[in-house]
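Reading the structure
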Amino acid sequence: MDKVAKLEIDGKVHELPIVVGSEGERGIDISALRQATGCITLDDGYGNTGSCQSNITFIDGEKGILRYRGIPIEVLAEKSFFIETAYLLIYGYLPTHKELRRFSELLTQNEMLHEDLKFHFEGFPAHAHPMAILSSMINATSCFVPGVLDAYDPTVFESQAARLLAKVRTIAAFAYRKSRGLPIMYPKPVYKYTANFLHMMFSEPYQDYDLNPEVVKALDLIFVLHADHEQNCSTATVRMIASSQANIFACAAGGVCALWGPLHGGANQAVIEMLEQIHRDGDDGSKFIAAAKDKKSGKRLMGFGHRVYKNYDPRAKIIKAQCDKVLGLLKISDPLLDIAKRLEAAALHDSYFVERKLYPNVDFYSGIIMRAIGIPLEMFTVMFAIGRMPGWIANYKEVMDATNGRISRPRQIYTGPTEQPYVSIDKRGKK
Ligand code: CMC
């Protein structure tokens, strides 16, 4: 295999090394290009830019493959659970009984919030979006962690990561309770991670939430499926912040903000809003599909398309199958599921979507399960954030452990005015 690429600029040929990944993907190393040629590369949206070498998650978008640390997502979805998958992502291998027990205990020890943090929730208006609260409160949590501003220490990492992973679901549940004017429910150490989250969301001081094992399993699976996805917008953001040596809470808070947008994690909320709109309009889906194909409409078929997958997103396949199963078990008939299936069938036979290789992504069906298990719409993207936390932590660790790490600092091609004089205020506006 060719290990060098040749690039001719101004009549001179430059050799650029080719880096080969463990799955055979190839990248041209251009790190010395500017020094040698004066040129940089330009790649709007980073569609062809590898920002790092990573051994955490592998995706083959053409074949629809997703693996965490080499293990296929289908296998993890069937055999693993969120906290075990989190361990796998963060530490690189599946834990033994002892390691898993220790990790779970660490999470339990860290599940409470400092009492003073509770008052911060009071400062948000009643209808604040929980993603805004989540991001702010993750950052605020760092104020209560001793030594958080000290230089990265691998021996302290474990406890900080456990704090973050444990507290994110407490913060998320508190944010929801606050937004509904409901009393805060404290975590219960007897519950496992996902059950505990549902308890904090839905129990009342006078009555414990009835934990249906199928509901717990369905949400846990959603967390597993969202746990990492290589260099997506939010993970790349986390790595970018980590490269400045910021602390793990600052990095995760930034990740939450990047995830919030409707083109990224916010798509799960946008999908349900779209399906509800179609339902209200009595549209059989065809009007919406036509609008999604018309660039001037400003509409997109939410939950469709992906930067990397040019095939069916493997997570969407698992979630679609789960949708039927969970709704069946809970005896729920949701008209939005029928609309979603109709839209999918129509899009997969429409040349616009076929030619552009636009398939359902993870967000297309996940919202329907979340609705069925009682997660409120405004919390959907928060579920994504809780699920993605192990991936962010693993990527943070990878950046901090790297011995040759540099601050992430892209360049640009400047297109503004060339040097011009400063005009005093009384002379401005005159031609
Ligand atoms: N509906 C209609 N047209 C679309 C869609 C869509 N959902 N997605 C892409 N296109 C078109 C796009 O207009 C463009 O057409 P043309 O070549 O004629 O200009 C072409 O397909 C390529 O799209 P792109 O915007 O260049 O693709 P991208 O890789 O930059 O964007 C995406 C990927 C996920 C942001 C985009 O597909 C999208 O906006 N999808 C809807 C939002 C969504 O579901 N996001 C969740 C992504 S999966 C979960 C996650 O990782 O966060």
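Now for a description of the structure that goes with this document. (Residues numbered from 1 in each chain as written. Predicted model: local features only at pLDDT ≥ 70, side-chain atom pairs only at ≥ 80, totals over all residues. Heavy atoms only, no water.)

So, on to the overall build of the protein chain. Looking only at helices and strands, one finds 18 helices and 6 strands in the protein chain. A globule of 431 residues ought to have a C-alpha radius of gyration of about 22 Å, and the protein chain, at 24 Å, matches this closely. Counting only C-alpha atoms and orienting by the principal axes, one finds that the protein chain spans roughly 75 × 65 × 55 Å. When burial is assessed residue by residue, the protein chain has 48% of its 431 residues classed as buried. Of all intrachain contacts in the protein chain linking residues separated by at least 6 positions in sequence, the fraction that spans at least 24 positions is 71%. When the accessible area of the protein chain is evaluated, it comes to approximately 22400 Å², of which 53% is carbon and sulfur surface. Looking at charge distribution, the protein chain has the averaged site of its 51 positive side-chain charges lying 3 Å from that of its 49 negative ones. (Helix = DSSP H or I, 4+ residues; strand = E, 2+ residues; numbered from the N terminus. Rg over C-alpha atoms; globule rule 2.2 N^0.38 Å. Buried < 20%, exposed > 50% of the residue type's maximum accessible area, 1.4 Å probe, protein only. Contact = heavy atoms within 4.5 Å. Areas by Shrake-Rupley, 256 points an atom, 1.4 Å probe, with all protein chains shown as cover. Lys, Arg positive; Asp, Glu negative; His and termini not counted. Charge placed at Lys NZ, Arg CZ, Asp CG, Glu CD.)

For the rest of this paragraph, the subject is the environment of Pro262. With respect to the secondary-structure elements, Pro262 resides in the loop between helix 11 (248-260) and helix 12 (267-281). Sequence spacing of Pro262 and Gly303 is 41 residues, and the spatial spacing of their C-alpha atoms is 9.7 Å.

This brings us to unusual backbone geometry. Notably, Tyr46 is not glycine yet its phi reads approximately 55°, a positive angle. Tracing the chain through its elements places Tyr46 in the loop between helix 1 (33-37) and strand 4 (57-60). Overall, Tyr46 belongs to the exposed group, its relative accessible area being 52%. The backbone phi angle of Gln245 is positive, close to 70°, even though this residue is not glycine. Along the chain, the position of Gln245 falls in the loop between helix 10 (233-242) and helix 11. Take Gln245: its relative accessible area is 56%, and that puts it in the exposed class.

Turning our eyes to something else, we now look at the pattern of salt bridges. In the structure shown here, the tally under the stated rule is 16 salt bridges. For Arg180, the salt bridge identified is with Glu378, shortest N-O distance 2.9 Å. Taken together, the residues span a long stretch of sequence, with Arg180 in the loop between helix 7 (154-179) and helix 8 (193-202) and Glu378 in the loop between helix 17 (363-372) and helix 18 (380-401) at a distance of 198 residues. Residue Arg180 is classed as partly exposed on the basis of its relative accessible area, which comes to 44%. Measuring nitrogen to oxygen at the nearest pair gives 2.8 Å for the salt bridge that ties Asp313 to Arg315. Note on accessibility: Asp313 and Arg315 belong to one class, buried. (Salt bridge = Lys/Arg side-chain N within 4 Å of Asp/Glu carboxyl O.)

Tallying each qualifying case throughout the model produces 19 aromatic pairs. Pairing Phe157 with Tyr396 gives two aromatic rings, centres 6.5 Å apart and planes at 15°, and the pair type is stacked. You can see Phe157 sitting in helix 7 and its partner Tyr396 sitting in helix 18, a full 239 residues away along the chain. Using a relative accessible area of 3% as the deciding quantity, one classes Phe157 as buried. On the accessibility criterion, Tyr396 (5% relative accessible area) is buried. Seen from their ring centres, Tyr176 and Phe202 are 6.1 Å apart, and the 70° between their planes marks the pair as edge-to-face. Taken together, the residues Tyr176 in helix 7 and Phe202 in helix 8 connect sequence positions 26 residues apart. Comparing Tyr176 with Phe202 shows no difference in burial state: the two are buried. Grouped by ring-pair contacts, the aromatic residues Phe304, Tyr352, Phe353, Phe364 and Tyr365 constitute a single cluster. The ring of Tyr352 has Arg356 lying over it, and the distance from NZ or CZ to the ring centre is 3.8 Å. The aromatic ring of Phe157 is capped on one face by Lys397, whose charged end is 5.6 Å from the ring centroid. (Phe/Tyr/Trp six-rings, centres within 6.5 Å; stacked < 30°, edge-to-face > 60°. Lys NZ or Arg CZ within 6 Å of the ring centre and 35° of its normal.)

What follows covers the sheet that holds strand 2 (residues 12-20). Sheet strands associate in pairs through backbone hydrogen bonding, adopting either a parallel or an antiparallel arrangement. The 3 strands are arranged 1-2-3 in an open sheet whose pairing can be described as antiparallel. The sheet is open, and its two borders are formed by strand 1 (4-9) and strand 3 (26-28), each paired with just one other strand. Going from strand to strand, the sheet's axes swing by 30° on average, the running direction of each strand aside. With 3 bridges connecting them, strand 2 and strand 3 associate as antiparallel partners. Of the residues in strand 3, the one forming a bridge with Val19 is Gly27. (Pairing = 2+ DSSP bridges. Axes fitted to C-alpha atoms, helices over the stretch in contact; angles between N-to-C directions.)

This brings us to the layout of surface pockets. If you roll a probe as big as a water molecule over the atoms, it shows you where there is empty space left. Estimated volume of the second largest pocket: approximately 450 Å³. Looking at the second largest pocket, it is lined by 21 residues, and the ones nearest its centre are Phe81, Ile83, Ser104, Lys192 and Tyr193. Elements supplying a minimum of two residues to the lining of the second largest pocket: helix 4 (97-109), helix 8 and helix 9 (213-226). Top contributing element to the lining of the second largest pocket by residue count: helix 4, with 6 residues. Its residues assigned to classes, the lining of the second largest pocket shows 10 nonpolar, 5 polar and 6 charged. (1 Å grid on protein atoms, 1.4 Å probe; cavity = no way out; pocket = protein on both sides within 12 Å on 5 of 7 lines; lining within 4 Å. Points joined across faces, edges and corners; volume = space filled by probe spheres on them. Nonpolar A, V, L, I, M, F, W, Y, C, P; charged D, E, K, R; others polar.)

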